[in-house]
Amino acid sequence: MPLILTEITIYPIKSLGGISLQNAIVEERGLQHDRRWVLADEHNRFITQRENEQMALIDVNLESVGLRVSHRLKTIAPLIVPFSPQTTENKEITIWDDTVNAIRVSDEVDAWFTKVLGMKCHLFYQPDESIRLTDPRYSITKEEHTSFSDGYPILIIGQASLDNLNERLEEKIAMKRFRPNLVFSGGKAHEEDNWKYFKVGEAKLVGVKPCARCVMTTINPETALKGKEPLRTLSQYRNFGSKILFGQNLLVVETGKISIGHVIEL
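Residues numbered from 1 in each chain as written. Predicted model: local features only at pLDDT ≥ 70, side-chain atom pairs only at ≥ 80, totals over all residues. Heavy atoms only, no water.

(A) Local environment of the nonpolar core. Among the nonpolar cores identified, the biggest contains 44 residues, and Phe113, Leu182 and Ile258 are the most heavily contacted of them. Counting 12 residues, the second-largest nonpolar core is a separate cluster that includes Leu162, Leu169, Val183 and Ile244. (Core = buried A, V, L, I, M, F, W, Y, C linked by side-chain atoms within 4.5 Å. Buried < 20%, exposed > 50% of the residue type's maximum accessible area, 1.4 Å probe, protein only.)

This is how it looks when you write it as structure tokens:
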């Protein structure tokens, strides 16, 4: 059975809603627009659903002039986040053990997110000249870099892996719990764990490290409510060295266009 690319998703603003695409451009740091924006607190430290579950309820859409953000439940007017920041204010944003140079977008955008999330925060954009190198222990050329992702440019998961999990759960969950960029059909559950070099469309990618999962997977992206699954079930059969693994992190070898329906060539 061939391996077919079935889903492409980008998450322009880290930890907010994703955008499903039919086609995408693979750039050196990941899919175009993917996690190029991040919300940060007053200490310039990144914010995710781990700190504020309400972020799960903010939807993001691509418009011609920028990103359209809206809250799924609150009666607040949507906002356009321009592709180009409206300030020249540069800050070093802390994300995990890294610091990333970024530009604050605008006062208007900050005010909108502060009101919606109920906490003082600022939105920052990572410009092209801001380079955040990936972990050298899992690097190929030592020059691979990424955006405001947790650590790697692209995440891929096989549909068979989710199907295998759902067979063990009392209530099935959707793939969006795991926030992958790419989903494929065909193959066996978790075979992506062992993938190395492969091609899809014009892009060439390489698997370097299975993805360790955190408490964010227990937040329902439709309701922002937190539970114990799927980590409780995954811990029973996907626990490796005290880390729960699900999905494969990828580095970019060659850039190019990819589309749903493309065959993945290992």
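(B) Inspection of the packing of aromatic side chains at higher detail. Taken as a whole, this structure holds seven aromatic pairs when the rule is applied. A centroid spacing of 6.4 Å and a plane angle of 40° characterise the contact between tryptophan 37 and phenylalanine 83, whose relative ring orientation is tilted. Highlighted residues: tryptophan 37 in strand 5 (residues 37-40) and phenylalanine 83 in the loop between strand 8 (79-82) and strand 9 (90-95), separated in sequence by 46 residues. Exposure remark for tryptophan 37: the relative accessible area of 1% places this residue in the buried category. Aromatic ring contacts, followed pair by pair, group Trp37, Phe83 and Tyr125 into a single cluster. When the ring centre of tyrosine 237 is taken as origin, the NZ or CZ atom of arginine 168, which lies over that ring, is 3.6 Å away. Here the guanidinium or amino end of lysine 209 rests over the ring plane of tyrosine 138, the centre of that ring lying 5.7 Å away. (Phe/Tyr/Trp six-rings, centres within 6.5 Å; stacked < 30°, edge-to-face > 60°. Helix = DSSP H or I, 4+ residues; strand = E, 2+ residues; numbered from the N terminus. Lys NZ or Arg CZ within 6 Å of the ring centre and 35° of its normal.)

(C) Broad picture of the sheet that holds strand 7 (residues 66-71). Strand order across the open sheet formed by three strands is 6-7-8, with antiparallel pairing between neighbours. What marks the edges here is a single partner per strand, and that holds for strand 6 (58-62) and strand 8. Taking each pair of neighbouring strands and ignoring which way they run, the sheet shows an average axis angle of 30°. Relative to strand 7, strand 6 runs antiparallel, the two being bridged by five bridges. Paired with isoleucine 58 across the strands is histidine 71, a residue of strand 7. Its contacts with the sheet put helix 1 (residues 107-117) on strand 6, strand 7 and strand 8, and the angle it makes with strand 8 is roughly 135°. (Pairing = 2+ DSSP bridges. Axes fitted to C-alpha atoms, helices over the stretch in contact; angles between N-to-C directions. Contact = heavy atoms within 4.5 Å.)

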